[in-house]
Amino acid sequence: MTGVPYLSSRLQGFGTTVFAEMSALAVATGSVNLGQGFPDYPGPPEVLEVARAAIGTAADQYPPGPGIPELRAAIANHHQRFTGLGYDPADEVLVTAGATEALTAALLALLDPGDEVVLFEPMYDSYAAAVAMAGGVVRPVPLRPPADGHGRWSFDRADLAAAVTPRTTLLLLNTPHNPTGKVFTAEELATLASLAVAHDLLVLTDEVYEHLVFDGARHVSLATLPGMRDRTLVVGSAGKTFNVTGWKVGWICGPAALVSAVRTAKQFLTYVNGGPFQPAVAAGLTLPDAYFARAAEDLQYRRDVLVRGLAEAGLPVISPEATYFATVDVRPVRPDGDGLAFCRSLPQRAGVVAIPTVVFYSAGNAALGRHLVRFAFCKSDAVLAEAVERLAGMSGKESA
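Everything numeric here is computed off the predicted structure, so don't read it as measured data.

Novice: How would you summarise the overall build of the protein chain if you had to cite specific residues and measurements?
Specialist: When its secondary structure is counted, the protein chain shows 14 helices and 13 strands. In terms of overall dimensions, the protein chain has a C-alpha envelope of 60 × 50 × 45 Å along the principal axes. Counting over 400 residues, the protein chain shows a buried share of 55%. For the protein chain, the exposed surface amounts to about 15700 Å²; the carbon and sulfur share of it is 55%. Computing the positive centroid from 30 side-chain charges and the negative centroid from 39, the protein chain places the two 3 Å apart.

Novice: Before we move on, could you go through the packing of aromatic side chains and cite the residues and values that matter?
Specialist: One pass over the full model with this rule turns up 15 aromatic pairs. Judged by centre distance (5.2 Å) and plane angle (55°), the ring pair of F120 and F184 falls under tilted. Taken together, the positions of F120 in strand 3 (residues 116-121) and F184 in the loop between strand 5 (168-174) and helix 7 (186-198) put the pair 64 residues apart, joining distant regions of the chain. Residue F120 shares its accessibility class with F184, and that shared class is buried. Ring geometry for F155 versus F184: centroids 6.2 Å apart, planes at 35°, classification tilted. Taken together, the positions of F155 in the loop between strand 4 (137-142) and helix 6 (157-163) and F184 in the loop between strand 5 and helix 7 put the pair 29 residues apart, joining distant regions of the chain. Residue F155 shares its accessibility class with F184, and that shared class is buried. Taken together through their ring pairs, the aromatic side chains of F82, F242, Y291 and F292 make up a single cluster. Just above the ring of Y41 sits the side chain of R302; from NZ or CZ to the centre is 4.3 Å.

Novice: Describe the sheet that holds strand 12 (residues 355-356), and please don't skip the residues or the numbers.
Specialist: A sheet is described by the order of its strands in space; here four strands give the open sequence 9-10-13-12, paired in antiparallel fashion. Whereas interior strands pair on both sides, the edge strands pair on one side only; in this sheet they are strand 9 (317-318) and strand 12. Docked against the sheet, helix 12 (residues 339-350) engages strand 12 and strand 13 (372-376), running at close to 40° with respect to strand 13.

Novice: Help me get a handle on the side chain of S237, residues and values and all.
Specialist: Tracing the sequence through the fold places S237 in strand 7 (residues 232-237). For S237, the side chain forms a polar contact with the main-chain nitrogen of G239, separated by 3.1 Å. Excluding its chain neighbours within four sequence positions, the residues that come into contact with S237 are A99, V208, V249, G250 and W251.

Novice: Can you tell me about unusual backbone geometry, naming the residues and giving the values?
Specialist: Cis geometry marks the peptide bond from E121 to P122; its omega dihedral reads 10°. Of note, the amide linkage connecting N178 to P179 takes the cis form, showing an omega dihedral of 15°. With respect to the helices and strands, the residue P179 is situated in the loop between strand 5 and helix 7. Even without glycine at this site, D200 takes up a positive phi of about 50°.

Novice: A description of the nonpolar core should follow, citing residues and the corresponding values.
Specialist: By size, the foremost hydrophobic cluster in this structure holds 101 residues, and its most contacted members are L204 and F375. Per element, the largest residue contribution to this core is eight residues, and it comes from helix 11 (residues 289-312). Formed by 25 residues, the second largest nonpolar core is a distinct cluster that contains V118, A163, L173 and A196.

Novice: Could you give an account of the pairing of strand 13, naming the residues involved and the relevant values?
Specialist: For strand 13, the buried fraction is high: five of the five residues fall into the buried class. Alternating positions in strand 13 separate into two faces, L372, R374 and A376 on one and V373 and F375 on the other, with burial throughout. Summarising the sheet, strand 10 (residues 325-329) and strand 13 pair through five bridges and their orientation is antiparallel. Bridge pairing links V328 to V373 in strand 13. Sheet topology note: the strand 12/strand 13 ladder contains two bridges and is antiparallel. Each bridged residue has a counterpart across the sheet, and for P356 the counterpart in strand 13 is V373.

Cut-off values and rules
- Residues numbered from 1 in each chain as written.
- Predicted model: local features only at pLDDT ≥ 70, side-chain atom pairs only at ≥ 80, totals over all residues.
- Heavy atoms only, no water.
- Helix = DSSP H or I, 4+ residues; strand = E, 2+ residues; numbered from the N terminus.
- Buried < 20%, exposed > 50% of the residue type's maximum accessible area, 1.4 Å probe, protein only.
- Areas by Shrake-Rupley, 256 points an atom, 1.4 Å probe, with all protein chains shown as cover.
- Lys, Arg positive; Asp, Glu negative; His and termini not counted.
- Charge placed at Lys NZ, Arg CZ, Asp CG, Glu CD.
- Phe/Tyr/Trp six-rings, centres within 6.5 Å; stacked < 30°, edge-to-face > 60°.
- Lys NZ or Arg CZ within 6 Å of the ring centre and 35° of its normal.
- Pairing = 2+ DSSP bridges.
- Contact = heavy atoms within 4.5 Å.
- Axes fitted to C-alpha atoms, helices over the stretch in contact; angles between N-to-C directions.
- Polar contact = N/O pair within 3.5 Å; in protein donor to acceptor, adjacent residues only side chain to side chain.
- Core = buried A, V, L, I, M, F, W, Y, C linked by side-chain atoms within 4.5 Å.

Quick look at the structure:
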């Protein structure tokens, strides 16, 4: 949507999202909604019970601005346990209203008008809007799907080098990556670290899917590479790890000077949030390693159920290495490769809702994702079974 009355020029083009359209279609048609990425099954009782117990206590009131001390300590200990990075809970950890606020506050704090941000696309849809709100400029680098549908998404190093200009201030990385499900390799991370050091870039890395990796893939934080800790802010979230996306409890960790800058911006956004949920998230972060391994195994099982169903419906799948999402190429059933039209017709055709991947691209690269569609598999057994059954009934090609 463009030309919205009264909307700042910075945000023209960021109108109502396709998520709202597809969710409305799901309700209107009684479709199974595999569009938005949130689980429909509860999180661990060890976490939920702490939140229930906290409601009706002093935790209902404003928590400290940076987050309650026990949560900041738990975040720091969690990082030490899983990444080997040590962060001081006092001034290197900041609790936020979800990862989206952490990312937005960081961009507002660190960018001046005209500063450029290098990032990969398809991209999580808030990135471009947050950069625009900060007065920055997006410099996208395309991730390209494997040519035969098998293998990894990858980027051209020449594209990456060309995206960096004298105005480039920051590299924004999302790994594991939404929407592709890509886990950046050690070689790719080394390339990015070398680029950041060579151009003296700040780095903002979104790692909310850090534990949801499959098939032996391993998530590595870019902040752990040589020369990176002191220039990198790492964003995490409880929502994806503990199936509590509505709690909106996230965090950002990094060197004290950078975290202080982010806190300056953050305090004028939500100020604080999630009082009763903060001790619950702290409890979750102290769960044993087995919990995090089981969460990944469970989601991998759900991925496999949906991937098989999509393949049997004639939709080639680029099987993800991580996250909640699987990407399909619609051209075998939609000859013109129009993913948006495919998604608009899928509720009537099969009773299932998905999201066209084209919405995760900048205008200049939209053609790269036109034929791709994203399905979420973070759903209950019953919902996935129903979706697979409905997709199996889809036969033949759509007319273009």
